Amino acid sequence: MSKLLRGLLLGASLLSTPALAAHKAPSPQTRFDGFASNLGYHITVTDNKVLAGCPDKPVQQACFHLDLDLTLPKALPKSNWAIYASFVSPLLPSQSDAFDVTHINGDLYRISPKAGVTLTPGRTYRIGLMASAHLFSPYFLIPNAYVAADGLKPRVIASARSKTDTETGEERLPFVTPFTDEAHLGTQNAADKTQWLTPQRLYDQTAARTETAAAPEFAILPTPLKAQHLDGPALDLTKGIALNTTVPMTELAAALKESGLKPARGGVPVTITLKPGQPESYHIEAKAGAVAITAADSAGAAYALTSLGQQADYEHGHLRPLDIEDAPRFGFRGLHLDLARNFESKAHILTVIDAMARYKLNRLHLHLADDEGWRLQIPGLPELTDIGSRRCHDLKEDTCLLPQLGGGPDNPAGVNGYLTRADYIDILKAAKAHHIEVIPSFDMPGHSRAAVRAMEARYRHLMAAGKPAEASQYRLEDPADTTVYSSIQHYDDNTLNICLPSTYAFIDTVMESIKAMHDEAGLPLHIYHIGTDETAGAWTGSPACQKMMADEHLDIHQLGARFITKVSDILGEKGIEPAGWSDGMGSVDPKQMPQKVQSNSWGGLFSGGAADAYRQANQGWDVVMSTPDVLYLDMPQAADGFERGYDWASRQTDLYKVFAFMPENLGANASVMMTSYSQGATIADPTPLQPGHRIAGMQGQLWSETVRSDAIADYMLFPRTLAVAERAWHRADWEPDYVAGKSYSYGDGNVPADRLAADWQGFQAKLVPELKHLDTAGIAYRLPVPGARIADGKLEANAPIAGLKIEYRIANGRWVPYSGPVAVTGEVAVRTVAPSGRRVSRTVTVKP
């Protein structure tokens, strides 16, 4: 027998052995992984106007309807399995003969085969779902649905993952049918007059806002108080500057680097001196070959260098002589980042700090804990981050939190994570170098599920270790509490029990840790934000609260105010000012609060927000406008089936709307802004601002329920943050003075349209150079799509940010720069291009 034949026979015998067959058989986990890879998961929202079949709702209450299509692979798991998926609107009973849909908690649902039903491999099963809400954007639909089975590792369904668009870098949701049916998906009821911003409508809107104006002489952003050019030869800054200052360089180094001005021997002399004046103010005089800067403090000196650098860059390094006097409108100019719902990296926070400093924002409000995550390491309480910063598939929550908001089963980056103590101190040091105060916040007593669950895990661990005293030391819930409630985000267990001494021991420990970090960084903690908003309650059935109410002669409605005043006292003992959201802060007796209090006013413009803001300002509090209609940067930037963002406060918060906000005359906003239903309305002034009181500042907020990456955060923050900075620093001449008791209505002419339009044009001209800077900084800001129409066979296009380049293409041809009306045939695709040329907007199509 030949060697070849013997080899073939031996190989055949080996292949037939039971041992090799067992080796070749895939493991249960491998089969399950294949199931997750091949399971089809697709959602189609069919209607936002379901007026019938909305269980337990009045006839006028509309619902939305969606179809979830599950296409089963040919091989199904042998063990019991279920899908876990996030739906931010509470679902009504499902319409399916094959699957049960069960609410777990928050936005997490389990979709499982019905008992006794035999599923057919390869078949598509449709599950009809409804909710008594609306769903105007595909980005309300959360990715990373996953499958789990007993004894196996859960896996994300491959078809339920998001993807990144290769052209734009933006997130896409391929498991969602595109939103193109405006008739059924664009609005929910007849009162809503909102229209999707199609290319044709955007063209008309942009044209209506356009005012012919000369290029601005100054490109400093935010706009200085006064600026003028002087006579004389230009100063050549291309060869650098020779800096002479008594201000410590540690307080100027960051601004000098940001300014682009290069220190050099023999450069243009730049002298900085300090002179008493309004905090953060400065004066620049550049003439006769030298620059003289006087500033009220080191922050003003830093801002002067930033402004000088912006103008020098605008004039290509050859600076015309100038005289600038500048001072801020508000002492509080803030930006709020929500790290709790989804995490933002330390690197991204540092990048945002750099941008804040460039645009003279001076307060960074870090939202570090909420229901879905605790994001800061606290020595002595490792469970807060070991468990509270992670989401995974652990329904008992012994090792992590439930995977809310598409957290998935396996600890993905962007969703999970936390700042170590060292990370936070680094952030504080960077903020200090940029003259930015950091205001930390762990929302309490509601919005506290991450802390509650982490401390319950700690309790169980220590009880098992035989340490009952330690176990109860920081417990945040009363185990005997029988209260049944549902929070605004549909949790039934997200509220601290404010009647337990252990709750205040926990708060004191956290505050001491935070204070120590700030002290170590050299940036003392002056303000702590308690939260105080949207408390669902968990106390009516709590024996601990029933005893407290009896002992202190309180009713259930007074407990929230008691909590705020008690925490404020704890803060006061540490020399820290309390802050909170206006609804919770409005429940307390001002006489029981410290003299210095900050309240973030988040009432709606058209739902009493002005009255609440003025009422609290009249109490002597520092009211910071955080108006959701305009300053919630998680709202969509356009009413469009392809835009992302929550929309409960506004269907469209574009750059222009933020620019046009009038924070010191809240009623006047009705003259130029519409309601969330795109209707004009009136804002009265039933609670006038009393003489001697004023608004203390304004703050842009980015909440992160749908912000799953740093790039998405950039898309929502920028360039709108630049408009926040403009209004917080500079009061425009078109803003009418506040008149107590005066009412305003849409289109009443109280805001001069021509001056607003001219100022808007000037802002855009200053914005384009800043977009180049954002490109260099690696910030993935939103590029708006162009407006476009085809009239008389010619393509006409305009960009919502004047100066952005536009490209078009016909069919699948090459992209061509647009320079003016051009003859076209058929459909035409258009997009805008970043000033750097490296990024493009989403492509839109215009039809003849």
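From a predicted model like this one, the values you see are computed outputs, not experimental measurements.

The rules we used
Residues numbered from 1 in each chain as written. Predicted model: local features only at pLDDT ≥ 70, side-chain atom pairs only at ≥ 80, totals over all residues. Heavy atoms only, no water. Phe/Tyr/Trp six-rings, centres within 6.5 Å; stacked < 30°, edge-to-face > 60°. Lys NZ or Arg CZ within 6 Å of the ring centre and 35° of its normal. Disulfide = S-S within 2.5 Å. Buried < 20%, exposed > 50% of the residue type's maximum accessible area, 1.4 Å probe, protein only. pLDDT = per-residue confidence, 0-100. Contact = heavy atoms within 4.5 Å. Axes fitted to C-alpha atoms, helices over the stretch in contact; angles between N-to-C directions. Helix = DSSP H or I, 4+ residues; strand = E, 2+ residues; numbered from the N terminus. Left-handed = near helix turned anticlockwise from the far one by under 90°. Nonpolar A, V, L, I, M, F, W, Y, C, P; charged D, E, K, R; others polar. Pairing = 2+ DSSP bridges. Salt bridge = Lys/Arg side-chain N within 4 Å of Asp/Glu carboxyl O.

The final tally for this structure, using the stated rule, is 24 aromatic pairs. One aromatic cluster is present, formed by Phe32, Phe35, Trp81, Phe99 and Tyr125 through successive ring pairs. Directly above the aromatic system of Trp729 lies the positively charged group of Lys360, at a separation of 5.7 Å from the ring centroid. Above the ring of Tyr781, the side-chain terminus of Arg839 is found at 4.6 Å from the ring centroid.

On to the state of the cysteines. Inspection of every chain in the model, using the stated rule, returns two disulfides. Here Cys392 pairs with Cys400 through a disulfide, and the sulfurs are 1.9 Å apart. Around the S-S axis, the bridge from Cys392 to Cys400 shows a dihedral of about -85° and counts as left-handed. For the pair Cys392 and Cys400, a shared accessibility class is recorded, and that class is buried.

Attention shifts here to the confidence of the model for the protein chain. For the protein chain, the average pLDDT comes to 94, and 96% of its residues sit at 70 or higher. Counting interchain partners and residues more than four positions distant, the pLDDT-below-50 stretch residues 1-22 has four contacts.

Before going further, it helps to spend a moment on the packing of helix H13 (residues 501-521) against helix H15 (residues 559-573). Packed helices, taken two at a time, are described by their axes: the angle between them and the distance between them. Between H13 and H15, the shortest axis-to-axis distance is 11 Å and the interhelical angle comes to 40°. Crossing angle aside, the handedness with which H13 passes H15 is right-handed. Of H15, the residues touching H13 (which contributes Tyr504, Ile507, Asp508 and Met511) are Arg562, Phe563, Lys566, Val567, Ile570 and Leu571. Per-class residue counts for the contact of H13 with H15 are seven nonpolar, no polar and three charged.

What follows deals with the sheet that holds strand E35 (residues 828-833). Strand order in the open sheet made by the four strands is E33-E32-E35-E36, with antiparallel pairing throughout. The open sheet has two free edges, formed respectively by strand E33 (816-818) and strand E36 (844-846), since each of these has just one partner strand. Ignoring strand direction, the axes of neighbouring strands in this sheet form an average angle of 40°.

Glancing now at the pattern of salt bridges. Where charged atoms of side chains with opposite charge meet at close range, the side chains can pair. Under the defined criterion, the tally for this structure stands at 52 salt bridges. Among the ionic pairs, Arg453 bridges to Glu397, the shortest N-O distance being 3.6 Å. Of the two residues, Arg453 sits in helix H11 (residues 449-464) while Glu397 sits in the loop between helix H9 (383-386) and helix H10 (421-433), which places them 56 residues apart along the sequence. Overall, Glu397 belongs to the buried group, its relative accessible area being 5%. Across the pair Glu664 and Arg694 runs a salt bridge, and its minimum N-O distance is 2.7 Å. In this pair, Glu664 is assigned in the loop between helix H19 (655-659) and strand E27 (682-683) and Arg694 in the loop between E27 and strand E28 (697-702), connecting sequence segments 30 residues apart. A relative accessible area of 44% means that Arg694 is categorised as partly exposed.

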